[in-house]
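# Structural features, examined
One-letter residues, chain by chain:
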Amino acid sequence: VSAASQPSEAASTATVEASVPATMKAWVYGDYGDVDVLRFDESVPVPEVAEDQVLVKVVAAALNPVDFKRRQGKFKATDSPLPTVPGYDVAGIVVKVGSQVKSFKEGDEVYGDINEKALENPKQSGSLAEYTAVEEKLLALKPKNIDFVQAAGFPLALETAYEGLEKAGFSSGKSVLVLGGAGGVGSLVIQLAKNVYGSSRVAATSSTGKLELLKSLGADLAIDYTKENFEELPEKFDVVYDTVGQGEKAAKAVKEGGSVVCLTGAVVPPGFRFVVTSNGEALAKLNPYIEDGKVKPLVDPKSPFPFSQVVEAFTYLETGRATGKVVIHPI
Ligand SMILES: NC(=O)C1=CN([C@@H]2O[C@H](COP(=O)(O)OP(=O)(O)OC[C@H]3O[C@@H](n4cnc5c(N)ncnc54)[C@H](OP(=O)(O)O)[C@@H]3O)[C@@H](O)[C@H]2O)C=CC1
Ligand SMILES: CC[C@H]1OC(C)=C(O)C1=O
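First, a word on what this report is: a plain description of the structure on this page.

Here is what the cut-offs are and how they apply
- Residues numbered from 1 in each chain as written.
- Chains lettered and ligands numbered in written order.
- Predicted model: local features only at pLDDT ≥ 70, side-chain atom pairs only at ≥ 80, totals over all residues.
- Heavy atoms only, no water.
- Helix = DSSP H or I, 4+ residues; strand = E, 2+ residues; numbered from the N terminus.
- Buried < 20%, exposed > 50% of the residue type's maximum accessible area, 1.4 Å probe, protein only.
- Contact = heavy atoms within 4.5 Å.
- Areas by Shrake-Rupley, 256 points an atom, 1.4 Å probe, with all protein chains shown as cover.
- Lys, Arg positive; Asp, Glu negative; His and termini not counted.
- Charge placed at Lys NZ, Arg CZ, Asp CG, Glu CD.
- Axes fitted to C-alpha atoms, helices over the stretch in contact; angles between N-to-C directions.
- Parallel < 35°, antiparallel > 145°, perpendicular 65-115°, else oblique.
- Left-handed = near helix turned anticlockwise from the far one by under 90°.
- Near = heavy atom within 4 Å.
- Polar contact = N/O pair within 3.5 Å; in protein donor to acceptor, adjacent residues only side chain to side chain.
- 1 Å grid on protein atoms, 1.4 Å probe; cavity = no way out; pocket = protein on both sides within 12 Å on 5 of 7 lines; lining within 4 Å.
- Sits in = over half its atoms within 2 Å of the grid points.
- Points joined across faces, edges and corners; volume = space filled by probe spheres on them.
- Nonpolar A, V, L, I, M, F, W, Y, C, P; charged D, E, K, R; others polar.
- Salt bridge = Lys/Arg side-chain N within 4 Å of Asp/Glu carboxyl O.

## Notes on the overall build of the chain
Helix and strand counts for the chain come out as nine helices and 14 strands. If one aligns the C-alpha atoms of the chain with their principal axes, the spans along those axes are about 75 × 45 × 30 Å. Each of the 331 residues in the chain was classed as buried or not, and the buried ones make up 53%. Residue pairs in contact within the chain that sit at least 24 positions apart in sequence constitute 68% of those at least 6 positions apart. With an accessible surface of roughly 14000 Å², the chain has 52% of that area assigned to carbon and sulfur atoms. Treating the 34 positive side-chain charges of the chain as one cloud and the 43 negative ones as another, the clouds have centres 5 Å apart.

## Describing the packing of helix 4 (residues 155-167) against helix 5 (residues 186-197)
Relative to each other, helix 4 and helix 5 sit at 60°, their axes nearing to 9 Å. On the basis of their axis angle, the class for helix 4 and helix 5 is oblique. Remark: the crossing between helix 4 and helix 5 carries right-handed chirality. On the side of helix 4, the interface is formed by A157, L158, A161, Y162, L165 and E166, while helix 5 contributes L188, V189, L192, A193 and Y197.

## Structural notes on the site of ligand 1
Residues in close proximity to ligand 1 total 26 residues, the closest being K69, S207, Y225, R321 and A322. Within the side chain of R321, one N or O atom sits 2.6 Å away from an oxygen atom of ligand 1. When ligand 1 is considered free in solution it has 920 Å² of accessible area, and contact with the protein chains removes 87% of it. The cavity where ligand 1 resides is the largest pocket. Mapped onto the shell around ligand 1, the elements with two or more residues apiece are helix 2 (65-71), helix 4 and strand 9 (201-206).

## Some points on the site of ligand 2
Residues in contact with ligand 2, as listed here, are V66, K69, F75, A118, L119, L263 and R273. The separation between an oxygen atom of ligand 2 and a polar side-chain atom of K69 is 2.8 Å. Isolated, ligand 2 exposes 300 Å² of accessible area, and the fraction of that covered by the protein chains is 82%. Given that more than half its atoms are within 2 Å of the pocket grid, ligand 2 belongs to the largest pocket.

## Thoughts on the layout of surface pockets
Its volume calculated, the largest pocket comes out at about 1200 Å³. Forming the walls of the largest pocket are 44 residues, and the residues nearest its centre are P65, K69, T243, V244 and T264. Of all the secondary-structure elements, those providing two or more residues to the lining of the largest pocket are helix 2, helix 4 and strand 9. With four residues, the top contributor of residues to the lining of the largest pocket is helix 2.

## Description of the packing of helix 4 against helix 8 (residues 280-291)
Helix-helix packing is described using two parameters, namely the angle between the two axes and the distance between the axes. Axis separation between helix 4 and helix 8 bottoms out at 10 Å; the angle between their running directions is 90°. Taken together, the axes of helix 4 and helix 8 are roughly perpendicular relative to one another. In this structure, helix 4 uses P155, L158, E159 and Y162 to contact helix 8, whose residues at the interface are G280, A282, L283, K285, L286 and I290. Here the contact of helix 4 with helix 8 is composed, by residue class, of seven nonpolar, one polar and two charged.

## Concerning the pattern of salt bridges
Applying the stated criterion across every chain, the model contains 13 salt bridges. Residue E135 is joined to K123 by a salt bridge in which the shortest nitrogen-to-oxygen separation is 2.6 Å. Here E135 is found in strand 6 (residues 131-135), whereas its partner K123 is found in the loop between strand 5 (109-113) and strand 6, with twelve residues between them in sequence. Judged on exposure class, the residue E135 and its partner K123 are both buried. Between R201 and E235 there is a salt bridge, and its shortest N-O distance comes to 2.5 Å. Residue R201 is located in strand 9, and its partner E235 is located in the loop between strand 10 (221-224) and strand 11 (237-242); the two are separated by 34 residues in the primary sequence. Taking relative accessible area as the criterion, R201 reaches 29% and is therefore assigned partly exposed.

It is worth stressing that arrangement in space is one thing and function is another; only the former is reported here.
In C-alpha cells, the structure reads:
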C-alpha cells in the first residue's frame, strides 16, 4: 500500500479527535430522589480528558445498587456536586487519550468501574452517557471472548467479589457461604471461590426459582431462603460472604476464627465491611479467568435495556430481584 494512502499518525489522531462532539446525550439528575428525578438530556458537555485519563465512547453501561443509593442521597456527604450523570460500569472504545496515558491508545476496547472510591467524590459525569472520561489505571482491555454488554456488567461487581474474598483471606480448600448467590456480586463470588480459589465447598442462598442457577455457577449446596434458615443449619463455613445485609445471621453461620464479609447493612463481629476500590490491574489479573470460561458473565434476561429505558432499568434493579447484571445497550 503506497504511503500516500496512509494518513500520518497526527492526521489520524486529529481525525478521531475531530469526530468527538462538544456535547452528548446522557441521563442526568439535578436533585436527589427516586427514578422520577432522572432526565434524558441531549446536550450535556462531553467531559474533558485529564492528562492521566482516556475518553471512552460508551458502548454499554451496567447499573449497580450504588447508583440508585447515590441518587437517593444516601452518600450526599461525600458525593460530587449535582447535577450528576450516573453510572459506574462502562465498556467501550477509547477515542482520545491524555498526554500522560501509557497503557491505552485510540481504538482500544476497554472496560472498568470509572470511580476509584465508590463513595468518595464519584465522577459528576458517569457512564450513562455517550462518552465518559476515566483514569487509565481504572480500566483494562476487554477480553476478546465477551461482548460489550457482558463486559460492562463485570467491573464493580467482579472487583467487589474479588476484594471481599481477598480481605477475608479466602484460599484453596476453604468453604464459603454466599448470601445472595444470584445477584451481580454473589454470582461472581460463587465462581471465583469455586473456579479460581479452589474452594472445598461453596454454598449459596436464593429464592426457589434460582437454585439451579446457583448450582450451574458452581455452588455445591443451594439453599432456598424461602424454605429454610441457613443460620440454623449444622454446617458452618470458613467465610460467609453477605451481599444481602444479613450480617447478624451470617455471624451464626461462620466457623470459629472464620470471616464474614458484609457489603451492606449491620456488621456483627466477626463481620467486617469494606467499600470497593476500582482497580484496572485487578480486572487485568482476572481477565484470563474470563477468557478461559472459569468466570462467566451473568446478564439478567431482561437486559440489555436500550438507552431510552434507563428509568425502566433502574425500576427493575430496585426491586432487588435482578439475576446477574442489568445492562444498558445500545448507547
Ligand atoms: N460495599 C461495597 O463496596 C459494595 C456493596 N454492594 C451492595 O451489595 C448488595 C448487593 O449488590 P448486587 O449483587 O449488585 O445486588 P443485586 O441487585 O444484583 O442483587 C439482586 C439479587 O439479590 C438476591 N437476594 C435479595 N434478597 C435476598 C436474600 N434475602 N437472600 C438471598 N438472596 C437475596 C435476589 O435473589 P432472589 O430474587 O432469589 O431473592 C437477586 O438475584 C447491594 O446492597 C449493594 O449496594 C455492592 C457492591 C459493592
Ligand atoms: C456502604 C456500601 C455501599 O458501597 C457500595 C458500592 C454499595 O453498593 C453500598 O451499598
